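# Architecture and fold: a report
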Amino acid sequence: MRIVFGNQKGGVGKSTLCIMLANYATLVKKRAVLIMDMDFQKSIDERRQEDNDDSKVTMPYEVLPIETTDYPHYAEQLKNVDDIIMIDLPGKIDDESLIPILQDADYVICPFDYEKSVFSSTVTFARLVKYFDKNKQIFFVPNRFKQSINYDLKGKVDAELSKLGTVTKPITDRVTLKRINTFEINEEQKRVVEEVFDFIFNTIK
Amino acid sequence: MSNSIKDIIKTFKTRQDEQIDESAVEEVKMEPPTKTEVVQPVLETKKQPVAKVVKEPKKKMDKVVSTESEKPKANQEILPKISLSDEFFNTLAGQEFVYEDRRIAYIETDLYEIFMSVKRKKKLKNISVLINAILNQFVEDNKEDIKQILTNNRL
């Protein structure tokens, strides 16, 4: 199963969400996971290298830093994989090498926030995904949601995105999510993400 | 770990080896060394360590900083530019590029390829270390200009 994390807008928390879902899938759901870090920042791979340096524990999953242009070399192997392959994409869409990755994805997870510019980028990205496959399932995950803020655009954004996919409950902004690593999930982190992640797992299983 | 994931990791490692080979050949072609007797064995055997024939590394910032700061136009701020992609700027968002508590440079277009190339070849573990080093070097190299700009209150 190939789950792609993408959005045209950078900085919406794609990589963090990808790590959190990988941690949750392996450590809570006991699923086998592989992350293919295709974001040009390679922040997941860097985080893993730091974790390897700082910790002696056995890592629950592998992280492979791969360029999007290299994807065709893996495409065949990725077909019909029962385990979960998570692919973190760069925050852009003007790149032909993204096309086969989006086409092959079984599910797309698209983190976003309720800012006007992010909404526009999110819709553009989702329309691109739908252009290649109108039946592709997209999960829009409101990320870093601040409960103290009254988001003016929330209603309209949710309504528009619901036409393109499933808008999950928000993942609230918590300091604990800024302290994630690639090998463990603490109870507080689990509490913040489990409702959203359980919903996703129950939908895709 | 399932067989499928193992297969993918195996492919990854094979690809990595191939890319290191390609990188070594490119490096030799792009930077013809002056001593031909050193070059020959490297061209014949791809896996020779590149470091033996590579000249002293260029200062990457030269490419990036030069034009704007060297040729200020009339009525245009003498503000040094660093070039980076918008997306890549996000990685610098938490790292203030400041001098004496003031932001002294803004960032646009593309340095990403340079960073990734250096990172791959030098196997740097954390790219932010490299960015910081380059930015610090940039501030150091342009200290006098920056002082002048700040003195003239041109920011």
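Definitions and cut-offs
Residues numbered from 1 in each chain as written. Chains lettered and ligands numbered in written order. Predicted model: local features only at pLDDT ≥ 70, side-chain atom pairs only at ≥ 80, totals over all residues. Helix = DSSP H or I, 4+ residues; strand = E, 2+ residues; numbered from the N terminus. Buried ≥ 20, exposed ≤ 12 C-beta atoms within 10 Å, placed from the backbone. Contact = placed C-beta atoms within 7 Å. Axes fitted to C-alpha atoms, helices over the stretch in contact; angles between N-to-C directions. Parallel < 35°, antiparallel > 145°, perpendicular 65-115°, else oblique. Nonpolar A, V, L, I, M, F, W, Y, C, P; charged D, E, K, R; others polar. Pairing = 2+ DSSP bridges. Expected span 1.5 Å × (residues − 1). Arc of directions from axis to C-beta. pLDDT = per-residue confidence, 0-100. Core = buried A, V, L, I, M, F, W, Y, C linked by C-beta atoms within 7 Å.

## Examining the overall build of chain A
Counting secondary structure elements, chain A contains 7 helices and 7 strands. In chain A, which comprises 205 residues, the proportion classed as buried is 45%. Taking all contacts inside chain A whose residues are at least 6 apart in sequence as the whole, residues at least 24 apart take part in 83%.

## Brief notes about the overall build of chain B
When helices and strands are counted, chain B shows 7 helices and 4 strands. In sequence order, chain B lays out its α and β elements as α-α-α-β-α-β-β-β-α-α-α. Burial statistics for chain B: of 155 residues in total, 14% are counted as buried. Considering only residue pairs separated by 6 or more positions, chain B has 56% of its internal contacts joining residues 24 or more positions apart.

## A few points about the packing of helix α1 (residues 14-28) of chain A against helix α7 (residues 187-204) of chain A
All names here are of chain A. Between α1 and α7, the least distance of the axes is 11 Å, while the angle of their chain directions is 90°. Between α1 and α7, the angle is such that the two are roughly perpendicular. Counted together, Met 20, Leu 21, Tyr 24 and Val 28 of α1 and Gln 189, Lys 190, Val 193 and Phe 197 of α7 form the full contact between these two elements. When its residues are assigned to classes, the contact of α1 with α7 shows 6 nonpolar, 1 polar and 1 charged.

## Some remarks on the pairing of strand β5 (residues 107-112) of chain A
Successive residues of a regular strand alternate their side chains across the two faces of the sheet. All names here are of chain A. Burial analysis of β5 places 5 of its 6 residues in the buried class, the great majority of the element. Bridge count between strand β1 (residues 2-5) and β5: 3 bridges; the pairing is parallel. Note on β5: the bridge partner recorded for Ile 3 is Tyr 107.

## Here we look at unusual backbone geometry
All names here are of chain A. Phi at Lys 30 is positive, roughly 60°, even though this residue is not glycine. Of note, Lys 30 is situated in the loop between α1 and β2 (33-37). Non-glycine residue Arg 144 carries a positive phi angle of around 50°.

## Structural notes on helix α5 (residues 116-132) of chain A
Residue and element names in this part refer to chain A. For α5, which comprises 17 residues, the first-to-last C-alpha distance of 25 Å matches the rise-based estimate of 24 Å (1.5 Å per residue) to within 8%. When α5 is considered as a whole, its buried residues turn out to be Val 118, Ser 121, Thr 122, Phe 125, Ala 126 and Val 129. Burial along α5 is one-sided: seen end-on, the buried residues are contained in an arc of 130°. Away from its buried face by more than 90 degrees, α5 exposes Lys 116, Ser 117, Ser 120, Arg 127 and Tyr 131. Looking at the buried residues of α5, the elements they touch are α4 (98-104), β5, β6 (137-142) and α6 (154-162).

## Focus on the pairing of β6(A)
Residues and elements named next belong to chain A. The element β6 is extensively covered by neighbouring structure, given that 5 of its 6 residues are classed as buried. Sheet analysis places β6 next to strand β7 (residues 166-167), joined by 2 bridges and oriented parallel. Its bridge partner lying in β7, Phe 139 is registered against Thr 166.

## Quick look at the confidence of the model for chain A
Looking at chain A, pLDDT values average 91 and 100% of them are 70 or higher. Of all secondary-structure elements in chain A, the lowest mean pLDDT belongs to α5(A), at 88, while β2(A) reaches the highest, 97.

## Considerations on the packing of α1(A) against helix α2 (residues 43-54) of chain A
Residues and elements named next belong to chain A. Following both chains from N to C, one finds α1 and α2 inclined at 55°, their axes separated by 9 Å at the closest point. Compared by their axis directions, α1 and α2 come out oblique. Across the interface between the two elements, Ser 15, Cys 18 and Ile 19 from α1 touch Ser 43, Ile 44 and Arg 47 from α2. Taken together, the residues that form the contact of α1 with α2 break down as 3 nonpolar, 2 polar and 1 charged.

## Considerations on the nonpolar core
Residues and elements named next belong to chain A. One finds Ile 35, Met 86 and Cys 110 to be the most contacted residues of the largest nonpolar core, which totals 57 residues. Top contributing element to this core by residue count: α1, with 8 residues. Beyond its immediate sequence surroundings of up to four residues, Ile 35 is in contact with Cys 18, Ala 22, Ile 44, Tyr 61, Val 63, Met 86 and Asp 88.

## Some words on the sheet that holds β6(A)
All names here are of chain A. Here we have 7 strands laid out as an open sheet, ordered β3-β2-β4-β1-β5-β6-β7, and parallel in their pairing. On the outer flanks of this sheet lie β3 (62-65) and β7, each paired with one strand and no other. Of the strands in this sheet, β2, β3 and β4 (84-88) touch α2, which is tilted by about 130° from β3.

## Remarks on the environment of A:Asn135
With respect to the helices and strands, the residue A:Asn135 is situated in the loop between α5 and β6. Spatially, the C-alpha atom of A:Asn135 lies 9.4 Å from that of A:Gly165, the residues being 30 residues apart in sequence.

## Let's talk about the environment of A:Ile171
Residue and element names in this part refer to chain A. Position of Ile 171 among the secondary structure elements: in the loop between β7 and α7. Put simply, Ile 171 and Lys 146 are 25 residues apart on the chain and 8.9 Å apart in space, counted from C-alpha to C-alpha. Not counting chain neighbours up to four residues away, the residues in contact with Ile 171 comprise Val 141, Pro 142, Asn 143, Phe 145, Val 192, Val 193 and Val 196.

## What about the confidence of the model for chain B?
Close reading of the predicted structure is inappropriate where its pLDDT is low. All names here are of chain B. Looking at chain B as a whole, its pLDDT mean stands at 54, while 17% of the residues score no less than 70. Mean pLDDT per element in chain B: helix α2 (residues 36-44) is the minimum at 39, and helix α1 (residues 3-30) is the maximum at 74. With pLDDT under 50 throughout, residues 92-96 is counted as low confidence; its partners more than four residues away or in other chains account for 4 contacts. The low-confidence segment residues 106-114, where pLDDT is below 50, has 22 contacts with residues more than four positions distant or belonging to other chains.

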